[in-house]
Amino acid sequence: MEIDRAIRECSDRRLQTKYNNATYVIQRALALYSIEEVAFSFNGGKDSTVLLHLLRAGYFLHKGGQNSANGDLNDFPIRTIYFETPSAFPEINSFTYDTAATLVKLSLPYTFDYSLNCNCSVDNMEKRYFLLSDNLFLSSYGLQIDTICTDFKSGLEALLKEKPIRAIFLGVRIGDPTAVFLLFHHERAFFNCLVGQEQFSPSSPGWPAFMRVNPILDWSYRDVWAFLLTCKVNYCSLYDQGYTSIGSIYDTVPNSLLSTSDSSDKFKPAYLLADGRLERAGRAKRLSSSNCGQRPVDSNGLSSLDLHKNSMLTASVIAVGDEFLFGTVEDQLGPNLCRKLHSVGWSVLRLSVVHSNIDSVAEEVEQKKSSDMVFIYGGVGPLHSDVTIAGIAKAFGVRLVHCFCPYLSICSAFVKVLANMMEQGLYAPDEEFEEYLRHIIGDQCIGDRNEMAQLPEGITELLHHDKLSVPLIKCQNVIVLTATNVSELEKEWNCLIELTESNDLLTLLEPYVSKQVMTNLSDVEIAQPLSKLCLEFPDLHIGCYRTARYGSLVVSLKGKDQERLELAMKSLEKKFQPGTFKEMN
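As the structure is a computational prediction, the values presented were derived from the model and not from experiment.

Definitions and cut-offs
- Residues numbered from 1 in each chain as written.
- Predicted model: local features only at pLDDT ≥ 70, side-chain atom pairs only at ≥ 80, totals over all residues.
- Heavy atoms only, no water.
- Helix = DSSP H or I, 4+ residues; strand = E, 2+ residues; numbered from the N terminus.
- Buried < 20%, exposed > 50% of the residue type's maximum accessible area, 1.4 Å probe, protein only.
- Contact = heavy atoms within 4.5 Å.
- Areas by Shrake-Rupley, 256 points an atom, 1.4 Å probe, with all protein chains shown as cover.
- Salt bridge = Lys/Arg side-chain N within 4 Å of Asp/Glu carboxyl O.
- Polar contact = N/O pair within 3.5 Å; in protein donor to acceptor, adjacent residues only side chain to side chain.
- Pairing = 2+ DSSP bridges.
- Axes fitted to C-alpha atoms, helices over the stretch in contact; angles between N-to-C directions.
- Patch = residues over 30% accessible without salt bridge, like charges linked within 9 Å, V, L, I, M, F, W, Y side chains within 5 Å.
- Disulfide = S-S within 2.5 Å.
- Expected span 1.5 Å × (residues − 1).
- Parallel < 35°, antiparallel > 145°, perpendicular 65-115°, else oblique.
- Nonpolar A, V, L, I, M, F, W, Y, C, P; charged D, E, K, R; others polar.
- Core = buried A, V, L, I, M, F, W, Y, C linked by side-chain atoms within 4.5 Å.
- Domains from an automatic or database assignment.
- pLDDT = per-residue confidence, 0-100.
- Phe/Tyr/Trp six-rings, centres within 6.5 Å; stacked < 30°, edge-to-face > 60°.
- Lys NZ or Arg CZ within 6 Å of the ring centre and 35° of its normal.

Comments concerning the overall build of the protein chain
Thinking step 1. Along the protein chain, the regular secondary structure elements total 17 helices and 21 strands.
Thinking step 2. The 585 residues of the protein chain split such that 52% are buried.
Thinking step 3. By sequence separation, contacts in the protein chain at least 24 residues apart represent 73% of the contacts at least 6 residues apart.
Thinking step 4. When the accessible surface of the protein chain is summed, it comes to about 27200 Å², and 50% of that surface belongs to carbon and sulfur atoms.

With respect to the pattern of salt bridges
Thinking step 1. Per the counting criterion, the structure on display carries 24 salt bridges.
Thinking step 2. Ionic pairing is found between Arg166 and Glu37, a salt bridge with its closest N-O pair at 3.4 Å. Linking Arg166 in the loop between α5 (152–162) and β7 (167–169) with Glu37 in the loop between α2 (13–32) and β1 (38–41), this pair joins segments that are 129 residues apart in sequence.
Thinking step 3. Arg549 is the partner of Asp523 in a salt bridge, and the nearest nitrogen-oxygen pair spans 3.5 Å. On the criterion of sequence distance, the pair formed by Asp523 in helix α16 (residues 523–536) and Arg549 in the loop between β19 (541–546) and β20 (553–559) is long-range, its members being 26 residues apart.

Observations regarding the environment of Arg212
Thinking step 1. Examined against the element boundaries, Arg212 turns out to sit in strand β9 (residues 211–213).
Thinking step 2. Classification of Arg212 by relative accessible area gives buried; the value is 2%.
Thinking step 3. As a C-alpha pair, Arg212 and Phe200 span twelve residues in sequence and 5.7 Å in three-dimensional space.
Thinking step 4. A distance of 2.7 Å separates the side chain of Arg212 from the backbone oxygen of Pro202, its partner in a polar contact.

Notes on the side chain of Thr244
Thinking step 1. Residue position: Thr244 is located in the loop between α7 (221–231) and β10 (313–320).
Thinking step 2. Reaching out from Thr244, the side chain makes a polar contact with the side chain of Asn255 at a distance of 3.1 Å.

Concerning the sheet that holds strand β21 (residues 582–583)
Backbone-to-backbone hydrogen bonds pair the strands of a sheet. The strands run either parallel or antiparallel.
Thinking step 1. Taken together, four strands build an open sheet; the order of strands is β19-β20-β18-β21 and the sheet is antiparallel. Whereas interior strands pair on both sides, the edge strands pair on one side only; in this sheet they are β19 and β21.
Thinking step 2. As paired elements, strand β18 (residues 513–519) and β21 share two bridges and run antiparallel to each other. Opposite Met518, over in β21, you have Lys582 as the bridge partner.
Thinking step 3. Running over the sheet, α16 touches β18, β19 and β20 and is turned about 165° from β19.
Thinking step 4. Packed on one face of the sheet, helix α17 (residues 562–574) meets β18 and β20 and runs near 20° to β18.

Re a nonpolar patch on the surface
Thinking step 1. Judged by side-chain polarity, Leu229, Tyr271 and Leu272 come together as a nonpolar surface patch covering roughly 260 Å² of accessible area.
Thinking step 2. Secondary-structure assignment places Leu229 in helix α7.
Thinking step 3. With a relative accessible area of 39%, Leu229 lands in the partly exposed category.

Quick notes on the state of the cysteines
Thinking step 1. Enumeration over the complete set of coordinates arrives at zero disulfides.
Thinking step 2. Cys231 forms no disulfide, and the closest cysteine sulfur to it belongs to Cys10, at a distance of 7.8 Å.

Side note on helix α15 (residues 486–503)
Thinking step 1. The terminal C-alpha atoms of α15 lie 25 Å apart, and with 18 residues this matches the ideal 26 Å at 1.5 Å per residue to within 8%.
Thinking step 2. Taken residue by residue, α15 has Leu489, Glu492, Trp493, Cys495, Leu496, Ile497, Leu499, Thr500, Ser502 and Asn503 as its buried positions.
Thinking step 3. Structurally, α15 contributes buried residues whose contacts are with α9 (333–343), β12 (373–377), β15 (460–463), β16 (472–475) and β17 (478–481).

A look at the packing of helix α1 (residues 2–9) against α7
Thinking step 1. Interhelical geometry of α1 versus α7 gives an angle of 110° and a closest axis separation of 9 Å. Classified by the angle between their axes, α1 and α7 sit roughly perpendicular to one another. Contacts between α1 and α7 involve Ile3, Ala6 and Ile7 on the former and, on the latter, Phe227, Thr230 and Cys231.
Thinking step 2. Considering only residue class, the contact of α1 with α7 consists of five nonpolar, one polar and no charged.

A short note on the environment of Tyr19
Thinking step 1. Along the polypeptide, Tyr19 turns up in helix α2.
Thinking step 2. In this structure, the C-alpha to C-alpha distance between Tyr19 and Ala57, residues 38 residues apart in sequence, is 9.6 Å.
Thinking step 3. Filtering out sequence-adjacent residues up to four positions away, Tyr19 remains in contact with Ile3, Asp4, Ile7, Arg8, Leu54, Ala57, Leu61, Trp219 and Phe227.
Thinking step 4. Engagement of the side chain of Tyr19 in a polar contact is seen with the side chain of Asp4, the distance being 2.6 Å.

Thoughts on the pairing of β20
Thinking step 1. Of all seven residues that make up β20, six are buried, and the element is covered over most of its length.
Thinking step 2. Where β19 lies against β20, six bridges are found, and the strand directions are antiparallel. Directly across from Gly543, in β20, lies its bridge partner Ser556.
Thinking step 3. Linking β19 to β20, which pair antiparallel, is a turn of six residues.

What to know about the nonpolar core
Thinking step 1. Within the largest apolar cluster, 57 residues are counted, with the highest numbers of intra-cluster contacts made by Leu54, Phe169, Trp219 and Phe227.
Thinking step 2. Elements supplying a minimum of two residues to this core: α1, α2, β1, α3 (46–62), α4 (90–100), β7 and α7.
Thinking step 3. Take this core: its biggest share by element is nine residues, from α3.
Thinking step 4. When residues of this core are assigned to domains, at least three map to each of domain 1 (2–103 + 139–222) and domain 2 (236–278).
Thinking step 5. Core analysis: the second largest hydrophobic core is formed by 31 residues, Val317, Val348, Cys495 and Leu496 among them.

Regarding the confidence of the model for the protein chain
Thinking step 1. On average, residues of the protein chain score 76 in pLDDT, and 71% of them are at 70 or above.
Thinking step 2. Under a pLDDT of 50 for its full length, residues 404–416 has, in the predicted model, 35 contacts with residues more than four places off or in other chains.

Considering the packing of aromatic side chains
Thinking step 1. Taken as a whole and judged by the stated rule, the model has ten aromatic pairs.
Thinking step 2. Taken together through their ring pairs, the aromatic side chains of Trp225, Tyr235, Tyr239 and Tyr271 make up a single cluster.
Thinking step 3. Directly above the aromatic system of Phe396 lies the positively charged group of Lys369, at a separation of 4.5 Å from the ring centroid.
Thinking step 4. When the ring centre of Tyr512 is taken as origin, the NZ or CZ atom of Lys560, which lies over that ring, is 5.2 Å away.

Describing the sheet that holds β10
Thinking step 1. If you trace the six strands from one edge of the open sheet to the other, you get β11-β10-β12-β17-β16-β15, paired in mixed fashion. Unpaired on one side and paired on the other, β11 (346–354) and β15 mark the two borders of the sheet. When strand polarity is set aside, the average angle formed by the axes of neighbouring strands in this sheet is 20°.
Thinking step 2. For β10 and β11, the ladder comprises eight bridges, and the chain directions are parallel. Its bridge partner being in β11, Ile318 is matched across the sheet by Ser352.
Thinking step 3. Across the sheet, α9 lies against β10, β11, β12 and β17, angled at about 165° from β11, the strand it touches most.
Thinking step 4. Relative to β17, helix α11 (residues 388–396) is tilted by about 175°, and along the sheet it contacts β10, β12, β16 and β17.

Have a look at this one:
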């Protein structure tokens, strides 16, 4: 079998270890389930292409490997699922169907015509005929494809009712930055298992029941390309045009890090990307529906702020800690974080403090997650009072699972054992975890490994940055900050903004501008004029407060257009005698 042969003859010991582990998972699944009970989710991307050929190799080994009669494999009986969407790149669709019909030319004087249609079930494809010019071609892989064009959940439910499928192979990587819920892509909206999954993991509550099988869970970007290039298999042509992570036609552009020095529209192939953690740097912001017919070509990273000048995104901020509620510690992070959010154009709806109690955190997150983004801090770590992660998991209805992360308690002796295993090719951790091993040896890692290594299953993404010894944690639209003081928050916030430029974590809007004036008017005198001003300028935030009960009244105007603020202030001044208001710095 050509895949197994290529890996065994290569000199890359790390790749061999990854291959052996992945094919073991596949063989184990094939031993647990009959061939009719398993399926493979294919989306045309690099990860699922790797998994396709690993499944071919795994099935070959499962059937006897080198002891088989012909030593090769043209039959691939595992049912393949493909979710076709209008927002997919044409190159992805073409590659998918070309792969399904990897053809062998036969010199026969006959022609046949067979085409794939949506919602079709293609059985025994090796017996199907395809018309290309005047020659007959037969599929060499024998793929059985179910193409689904309905919404993902309905299509999957219908498929599982029709077919006795109990397990589905998924090409998801735990260190893949694209492992995040993407609403545009039907498959990834559910299948991306993210941090915390295991090789065998049951489907999430509320979805059809089946076992998710993740053979390449511990593979890195480097491992994926090492496999594709070593085995010399075909992959989608977009990867040779500078695309490193492919989503929809509305949110994906070539990775600017691969741009050639002599041209802004020419890019090197994806396998030349030096840092695999930046594979998602080619994800641009989605275009509006009015631009749906256009493919973004030069909007790498952040979209123009002008597009969002009048946009409104909302955030909620949650502080976790009994020390705040008892008044032992004054919360300085919340107000500081609100100011930072306003500086990037976000409106903060709520700032709340909750007890160090799992139910309290879960209830608060459940109420606040309707915001566009929730920021939560405090209660992160191995102590009995560190309940934030568990509370988030409960709010989303998922379990906590163990995973490799920088919170792991790793003693120096354990690191030495791992290092020896790595040198012998017996252990090949994710590249990012190797980085952690180099940095967290010794007294930097303390605490209970069982507690600190748990993260919510299926919703977690680790946000890495070179300046952070511990990555930020993102659970769907909830970002967990580990800062304990203002300087640490400043550092984490700056890193978050830098990550936004490549990973599209936050939409950066036109920042808020403000104007404040002071007056000696009484509340009764100014109440009605301020109410009218609010009706005249509904796009502005108009508030007032006193620093002392009988002190001066401060009127505050906030908005995203300086001219509107000036107009509102002039309108207010016209309602009173000149000199009533004094501008504040």
